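One letter stands for each residue in the lines below.
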Amino acid sequence: MNLLILHYHLRPGGIRRVIELAVPHLLARLPIRKVILACGEAADQDWNRRFASNLAPVPVDFVVEPSFLYVSDQRRTIKAMVSRLRATLKRLFDAAADAPALVWFHNPGVGRNLLLVRETLGACQRRGIPFLAHHHDWWFDNRWLRWREIQRCGFRSPSAVARVILSGAPGVRHITISRHDLALLRKHLPGRCAWLPNPARVSRRPASEPSTATRRWLKRCPGLPDAPLWVVPCRVLRRKNIAEALLITRWLRPEAHLMVTGGASSSDEVPYSRRLTETARKHRWPLRLGLLETPEPDRPEVAEVLAASEVVLLTSIQEGFGLPFLEAAATRRPLIARTIPNVAPDLEQFGFRFPLAYREILVDSRLFDEEAERQRQARLFNVWRNQMPRVCRVQSEPPIGLSHGGEPHAIPFSRLTLTAQLEVLRQPIEHSWSLCAPLNPFLARWRAKAARAALPITRWPGHADRWLSGAAYASTFELILALTRSPERSGDPVRAQQEFIRAKLKQDNLFPLLWDRLT
């Protein structure tokens, strides 16, 4: 068969990493004669060459069509986008018509280009082609800024969106990357869903021996001092809560330099990235964003940078799977990570134990202007809530609020706007440490170990390959493919989405960082 892989872009990390790790194993297991990889913008040529080489002798066609990009990154009219999409999809399916085809669509549920999802789904239905909807993120998960854009694309209600992203049409099957999502979908789409955790590659290089080439490359990086390197392996997004990683680094290892491997994920994230960069430069904070953003012939991979680092951090407030948890263990690096409720149960099932995991970093309210922050959050929350469909507004719980004055108290750093987070970071570091260390007793132990570069390493469990190896991934994928040939069962995508939305609008899931592009 011919495998058609569709996604909006091939930017470093995330879904591109899943594709590059998984597809060679799919080819070893399934009778795939050709791979067509279609997206909205070209990946760097070095990545394309490596990907094609890893799949040889199976040929790879790279198709770049700008109408596949996020709608927010396009300037065409809706009519023009639809016309381009239909023409491109016809060419794609015609090129794959010499054998049975399979469409593997990544992240249809994120809502960034529902026109592409709808048109691909329709083309598959007309031609009888199986459609695997691989869900990594959801449009209703703190992404209400997208709703007006979704309406502009012709989707007038959440129900209309549900019928596309959670379609119950013949030949459509839904893949989740967490058991949490699978449990909910199975209730409303029985027989149509499967769990497929992301694959991982375990490094065989000892943690104390990063490659000489990587060390040389890092030494040549402009503005990167000869200091211990603490790394956040991600693109720059608000949900990554990067200011918290900087605060932890400055508290635990003041001489360390914090690096974020990727750059801004999209135009929506540029204001956040710019403000972090400019504030860090002004105050001489040890922060570098976009370390691996620019393509270079000898640029190392993320795993190679992790192997050269002293510590890996993951301070995200929202993740679908949490690949950095695995990357740190694979390269045998200490991982300081915020526990993510929907991710933690799966990691525990895989056998992982994270000795440097924490639930929240608490800060003293005297470190920022609490009255100004309270007013700021009230304003931002009201604006954010009013951007929702009316049917969803009534379901939203109030966010975790700030005090109206009185005695100093503790507040989770993750529940602050970026403005307040930067206020905390601008305080003298020993002053903020003296106020906050008693609120976070575990940090004192970590600080003593960090000073000796003796933080415990996150180890790779011996039986994790049962779920996370490339061979396990291909085996599960084959079972999901067989599921497309099983008898159809009725389902209710609208009710499935409604239950998701109710869960996502609970108080625990509301974070000011996600209410606006700049907070």
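Residues numbered from 1 in each chain as written. Predicted model: local features only at pLDDT ≥ 70, side-chain atom pairs only at ≥ 80, totals over all residues. Heavy atoms only, no water.

Chemist: Honestly, empty space enclosed by the protein in this entry has me stumped. Any pointers?
Modeler: Under the defined criterion, the tally for this structure stands at two cavities of 30 Å³ or more. Considering only enclosed or pocket space, the second largest cavity measures out at about 30 Å³ in volume. Forming the boundary of the second largest cavity are Leu 10, Leu 37, Cys 39, Glu 41, Ala 42, Ala 43, Asn 48, Phe 62, Val 63 and Val 64. No other element matches the three residues that strand E3 (residues 60-64) contributes to the lining of the second largest cavity. Split by residue class, the lining of the second largest cavity holds eight nonpolar, one polar and one charged. (1 Å grid on protein atoms, 1.4 Å probe; cavity = no way out; pocket = protein on both sides within 12 Å on 5 of 7 lines; lining within 4 Å. Points joined across faces, edges and corners; volume = space filled by probe spheres on them. Helix = DSSP H or I, 4+ residues; strand = E, 2+ residues; numbered from the N terminus. Nonpolar A, V, L, I, M, F, W, Y, C, P; charged D, E, K, R; others polar.)

Chemist: Even after reading the chapter, I still don't get unusual backbone geometry, so can you show me in this structure?
Modeler: With glycine set apart, most residues show a phi of negative sign, and most peptide bonds adopt trans. Here the amide bond leading from Ala 56 into Pro 57 is cis, since omega sits at 10 degrees, within 30 degrees of zero. Structurally, Pro 57 can be placed in the loop between helix H2 (45-55) and E3. For Arg 284, which is not glycine, the phi dihedral falls at a positive 60 degrees. Topologically, Arg 284 is positioned in the loop between helix H10 (270-283) and strand E10 (287-288). The class for Arg 284 is exposed, based on a relative accessible area of 76%. (Buried < 20%, exposed > 50% of the residue type's maximum accessible area, 1.4 Å probe, protein only.)

Chemist: Whenever I open this one, the pattern of salt bridges confuses me. Can you help?
Modeler: For side chains of opposite charge, pairing can occur when their charged atoms come near one another. Applying the stated rule across the entire model yields 34 salt bridges. Among the salt bridges present, the one from Arg 238 reaches Glu 269, with a minimum N-O distance of 3.2 Å. You can see Arg 238 sitting in the loop between strand E8 (229-232) and helix H9 (242-252) and its partner Glu 269 sitting in the loop between strand E9 (257-260) and H10, a full 31 residues away along the chain. Taking relative accessible area as the criterion, Arg 238 reaches 8% and is therefore assigned buried. With relative accessibility at 8%, the residue Glu 269 sits in the buried group. One continuous salt-bridge network, built from bridges that share partners, spans Arg 112, Arg 146, Glu 149, Asp 268 and Arg 517. (Salt bridge = Lys/Arg side-chain N within 4 Å of Asp/Glu carboxyl O.)

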